[in-house]
There are 2 protein chains.
Amino acid sequence: MVLKKLINKPGDEVREMLEGMAMAFPEIIRLDPQWNNVYRAYKKPGSKVALVSGGGSGHEPAHAGYVGYGMLDAATAGAVFTSPTVPQIFAAIKEVATDAGVLIIIKNYSGDVMNFTAAAKMAQAQGIKVDYVIVNDDVSIAEKSKRRGTTITVLVHKIAGAAAEEGWTLPEVKRVAQKVIDNGRDIGVALTPCSVPAAGKPTFELGPDEIEFGIGIHGEPGVQRMKYMTSSELAKIMVDKIVDDLKLQKGDEIFLVVQGTGGTPYMEKFVFYRDVRKYVESLGFKVFGSWIGEFMTSLEMQGGRVAILRLDEELKRLLMAPAYTIAIRTIGPIPLPVVT
Amino acid sequence: MVLKKLINKPGDEVREMLEGMAMAFPEIIRLDPQWNNVYRAYKKPGSKVALVSGGGSGHEPAHAGYVGYGMLDAATAGAVFTSPTVPQIFAAIKEVATDAGVLIIIKNYSGDVMNFTAAAKMAQAQGIKVDYVIVNDDVSIAEKSKRRGTTITVLVHKIAGAAAEEGWTLPEVKRVAQKVIDNGRDIGVALTPCSVPAAGKPTFELGPDEIEFGIGIHGEPGVQRMKYMTSSELAKIMVDKIVDDLKLQKGDEIFLVVQGTGGTPYMEKFVFYRDVRKYVESLGFKVFGSWIGEFMTSLEMQGGRVAILRLDEELKRLLMAPAYTIAIRTIGPIPLPVVT
């Protein structure tokens, strides 16, 4: 079976994608071709806490799309759905490390946790100040230690990135990153599976009237196979899961992320957003702002994810602070670099 | 067969999508619920040429995503792949008309041309100054009068929108809109078909190793059924088609739009962008800038489109002028409205 994708040789897609990103946005990122690592094109003079993240590819725009002013300093890209290697992560840490230290943002997958923490230890052994947080926001899994890291990772990039840009210390940046993790949850549903280029077949099979509820971002099966239901029915059960787990209270201010899973068209994303928004407002929560688009995806999977972050004044301010990356641009008084 | 989409009742998807857009971006657009028309939330004081566009839905973010500062004043949304009605278009023209006049941007489909020009005549009969341009950029069809309107429409919105914002007269805005049409071409390829919600089945069938070359944006069959080929092979034959037709010369400066067709993940869009960019540069053209994303889509179709606009100094300046819409935000000194 020929796998129809806009790629060339399976196995080359990560490198070629990163090349495309760097060709399109040379003023924002540069590619380290030895390691498939992406760094800011412009390094801020002086010392700020550097933010490093990454993971398997196939979740675009995560993570290279979040490198830039106000967010990440480095993103390291593994093969599709495969953790980056320890030397690769170590190279990223070393490249962007400053006297203020490095905060690593890790999604809670065993391979990622193992490799990122091993690389952190290597860096510490070389005298680099390193700390990390682990994002485990996927509410579809009951046991907290087993929860996967998904969309809230991007909000950690944004909020901790703004704090780092303002010159906060490493413990302060870590504190606010952990606050985002503690107050954020995500859940996803798949209408179709996705297929890893090198494998050449879907990660699972779904009947024409079936959906996969609580889907992971690697196309791993969700927690429950269900019959197809409408956008508003899905919105309700997905929001309920998050609200229960976060113990949200009437009147709480929230930030809403409603996204496709990679292959979901904008028409469906906006219908789904409407249904999620109407439902959260009917429950008495105040929507401070929203992102609608593609943020933490699963190749060409069709479906949706909902993430909610409970806000306070500190998180609101950092969320709205200026950022300039490929995927997230918060408009404000941005001191743009002049790249020559 | 159940059609798995994030929608509710088939037939309600356009209204609900527009509601979602208006709920998410109340500072940019407002929805006229009587007509499924979208207007700027903030009407500029004084008189500028008003830009009106629209067409069938299913091409999101076209066209409601392009309403806002520096682009459209009104977008009118028909049912999926169906032209808006004459009274609906007339309502949009009437709502945004100014003493400076109205320029209507029409994609070259018989239904759109018929209904938009009929509405223009109704408006003229009421003393409104109206003119229009017809976009026919789809180079896959040899006969120019039969060429469909696709991606270049969005560049007309951007460039004519910037001219209108600067206070140009109606004939001047029309002149620059026509210049974009004369210098822009687009071509698309489908790896998978798409399905209209109310129909409940794909618009055509494609074998597992087949692609549809020269696909229209309504899922109408393309000009040629081909065997699957790689991204770089596709990039070459698509760019060649445009280059030949535009008679591009070595050294010409161009703007590049590389997009998915609605269901194409970012990984593939960036690989495809890389291949298109490498190839146009190998031919000796200078890439002034690019858009990569989703601009004129076909529901959940997987595939890609390439558009090229030949630039001169006037087009370059207007392309980079500030804009603030849902889908296109050119960062610059934007006089943002204060919506209370």
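Residues numbered from 1 in each chain as written. Chains lettered and ligands numbered in written order. Predicted model: local features only at pLDDT ≥ 70, side-chain atom pairs only at ≥ 80, totals over all residues. Heavy atoms only, no water.

(A) Molecular detail of the overall build of chain A. What chain A contains, in helices and strands, is 8 helices and 14 strands. Computed over C-alpha atoms, the radius of gyration of chain A comes to 19 Å, within 12% of the 20 Å expected from 2.2 N^0.38 for 340 residues, which places it in the range of a compact globule. For chain A, the spread of C-alpha atoms along the principal axes amounts to about 55 × 55 × 35 Å. Of all 340 residues assigned to chain A, the portion counted as buried reaches 66%. Across chain A, contacts joining residues at least 24 apart in sequence account for 74% of those joining residues at least 6 apart. Positive and negative side-chain charges in chain A, numbering 39 and 39 respectively, have mean positions lying 3 Å apart. (Helix = DSSP H or I, 4+ residues; strand = E, 2+ residues; numbered from the N terminus. Rg over C-alpha atoms; globule rule 2.2 N^0.38 Å. Buried < 20%, exposed > 50% of the residue type's maximum accessible area, 1.4 Å probe, protein only. Contact = heavy atoms within 4.5 Å. Lys, Arg positive; Asp, Glu negative; His and termini not counted. Charge placed at Lys NZ, Arg CZ, Asp CG, Glu CD.)

(B) Up close: the relation of the copies chain B and chain A. Once turned by 180 degrees and shifted 0.0 Å along the axis, chain B lies on chain A with an RMSD of 0.0 Å. Those values place the two copies in the arrangement expected of a two-fold rotation axis. Distance from the rotation axis, computed per C-alpha, reaches its smallest value in chain B at G263 of chain B: 2.0 Å. When the interface residues of chain B are mapped onto chain A, 100% of them again fall at the interface, so both copies present the same face. (Least-squares fit on C-alpha atoms with pLDDT ≥ 70 in both.)

(C) Fine view of unusual backbone geometry. Each neighbour pair has its own omega, and for A62 of chain A with H63 of chain A the value is -5 degrees, a cis peptide bond. You can see H63 of chain A is positioned in the loop between β3 (50–57) and β4 (74–80). Along the chain, E60 of chain B connects to P61 of chain B via a cis peptide bond; the corresponding omega equals 10 degrees. Along the chain, the position of P61 of chain B falls in the loop between β3 (50–57) and β4 (74–80). Here K247 of chain A, not a glycine, exhibits a phi torsion of approximately 50 degrees, which is positive.

(D) Helix α3 (residues 110–125) of chain B, seen in detail. Residues and elements named next belong to chain B. For α3, built from 16 residues, the straight-helix expectation of 22 Å at 1.5 Å per residue is met to within 8% by its first-to-last C-alpha distance of 23 Å. What α3 keeps buried is the set D112, N115, F116, T117, A119, A120 and A123. Of the surrounding secondary structure, the elements contacted by the buried residues of α3 are β3, β4, α2 (86–96), β5 (102–107) and β6 (130–135). Just beyond α3, the residue with positive phi is G127, at close to 85 degrees. (Expected span 1.5 Å × (residues − 1).)

(E) Main features of the sheet that holds strand β12 (residues 303–310) of chain A. Residue and element names in this part refer to chain A. Across the sheet, 6 strands lie side by side as β9-β8-β7-β12-β10-β11; this open sheet has mixed pairing. Either end of the sheet is taken by a strand with one partner, and the two such strands are β9 (224–227) and β11 (286–293). The sheet shows a mean angle of 20 degrees between the axes of neighbouring strands, direction not considered. With 7 bridges connecting them, strand β7 (residues 184–190) and β12 associate as antiparallel partners. Counted as the bridge partner of V189 is G304 from β12. Against the sheet, helix α4 (residues 152–165) contacts β7, β10 (253–260), β11 and β12, and its axis sits at roughly 45 degrees relative to β12. In the packing of helix α8 (residues 313–320) onto the sheet, contacts are made with β10, β11 and β12, and the angle to β10 comes to roughly 45 degrees. (Pairing = 2+ DSSP bridges. Axes fitted to C-alpha atoms, helices over the stretch in contact; angles between N-to-C directions.)

(F) Summary view of the nonpolar core. Judged by nonpolar contacts, the single largest core of 107 residues is most densely connected at V156 of chain A together with I308 of chain B. For V156 of chain A, the contacting residues outside a window of four places in its chain are I105, V133, V135, G161, A177, V180 and I181 of chain A. Core analysis: the second largest hydrophobic core is formed by 106 residues, F272 of chain A together with L155, A160 and W291 of chain B among them. (Core = buried A, V, L, I, M, F, W, Y, C linked by side-chain atoms within 4.5 Å.)

(G) Here's a closer look at helix α6 (residues 231–246) of chain B. Residues and elements named next belong to chain B. Its 16 residues give α6 an end-to-end C-alpha distance of 22 Å, which sits within 8% of 22 Å, the value for a rise of 1.5 Å per residue. Taken residue by residue, α6 has S231, L234, A235, M238, V239, I242, V243 and L246 as its buried positions. Take α6 and look down its axis: the buried residues cluster within an arc of 155 degrees, on one side only. Of the residues trailing α6, K247 is marked for its positive phi of about 50 degrees. (Arc of directions from axis to C-beta.)

(H) Highlighting the side chain of E16 of chain A. Take E16 of chain A: it is sitting in helix α1 (residues 13–24). For E16 of chain A, the side chain forms a polar contact with the side chain of N8 of chain A, separated by 2.9 Å. Aside from chain neighbours lying at most four places away, what touches E16 of chain A is N8 of chain A together with F270, V271 and R274 of chain B. (Polar contact = N/O pair within 3.5 Å; in protein donor to acceptor, adjacent residues only side chain to side chain.)

(I) Broad picture of the interface of chain B and chain A. Each partner contributes residues to the interface: chain B has 61 residues there, and chain A has 61 residues. Taken together, both faces of the contact between chain B and chain A bury some 5,100 Å²; the carbon and sulfur share is 69%. Three residues stand out in chain B for area buried against chain A, namely K4, L6 and M267 of chain B, and they jointly supply 19% of the buried area on that side. Between the two partners, chain B and chain A, sit 4 salt bridges. A salt bridge links R274 of chain B to E16 of chain A; its shortest N-O distance comes to 3.7 Å. Applying the counting rule to chain B against chain A returns 24 residue pairs in polar contact (both at pLDDT 80 or more). Elements with a contribution of two residues or more to the side of chain B that touches chain A: α1 (13–24), β8 (210–213), α6, α7 (266–282) and β12 (303–310) of chain B. It is α7 of chain B that provides the largest number of residues to the side of chain B that touches chain A, a total of 12 residues. Across the side of chain B that touches chain A, the residue classes tally to 30 nonpolar, 14 polar and 17 charged. (Buried area = accessible area lost by both parts, 1.4 Å probe. Salt bridge = Lys/Arg side-chain N within 4 Å of Asp/Glu carboxyl O. Nonpolar A, V, L, I, M, F, W, Y, C, P; charged D, E, K, R; others polar.)

(J) Region of the structure containing the pattern of salt bridges. Under the definition given, this model contains 57 salt bridges over all chains. Salt-bridge contacts for E314 of chain A lead to R175 of chain A; the nearest nitrogen and oxygen are separated by 2.8 Å. Taken together, the residues span a long stretch of sequence, with E314 of chain A in helix α8 and R175 of chain A in helix α5 (residues 170–182) at a distance of 139 residues. By relative accessible area, E314 of chain A is classed as partly exposed at 21%. We note a salt bridge from K269 of chain B to E294 of chain B, for which the minimum N-O separation is 2.6 Å. Residue K269 of chain B is found in helix α7, and its partner E294 of chain B is found in the loop between β11 (286–293) and β12; the two are separated by 25 residues along the sequence.

(K) Summary view of the sheet that holds strand β9 (residues 224–227) of chain B. Residues and elements named next belong to chain B. A sheet is described by the order of its strands in space; here 6 strands give the open sequence β9-β8-β7-β12-β10-β11, paired in mixed fashion. This sheet does not close on itself; its edge strands, each paired only once, are β9 and β11. Each adjacent strand pair in this sheet contributes to an overall mean axis angle of 20 degrees, direction not counted. Here strand β10 (residues 253–260) pairs with β11 via 7 bridges, running parallel. Its bridge partner being in β11, F255 is matched across the sheet by G289. Strands β7 (184–190), β10, β11 and β12 of the sheet are contacted by helix α4 (residues 152–165), whose axis makes an angle of about 45 degrees with β12.

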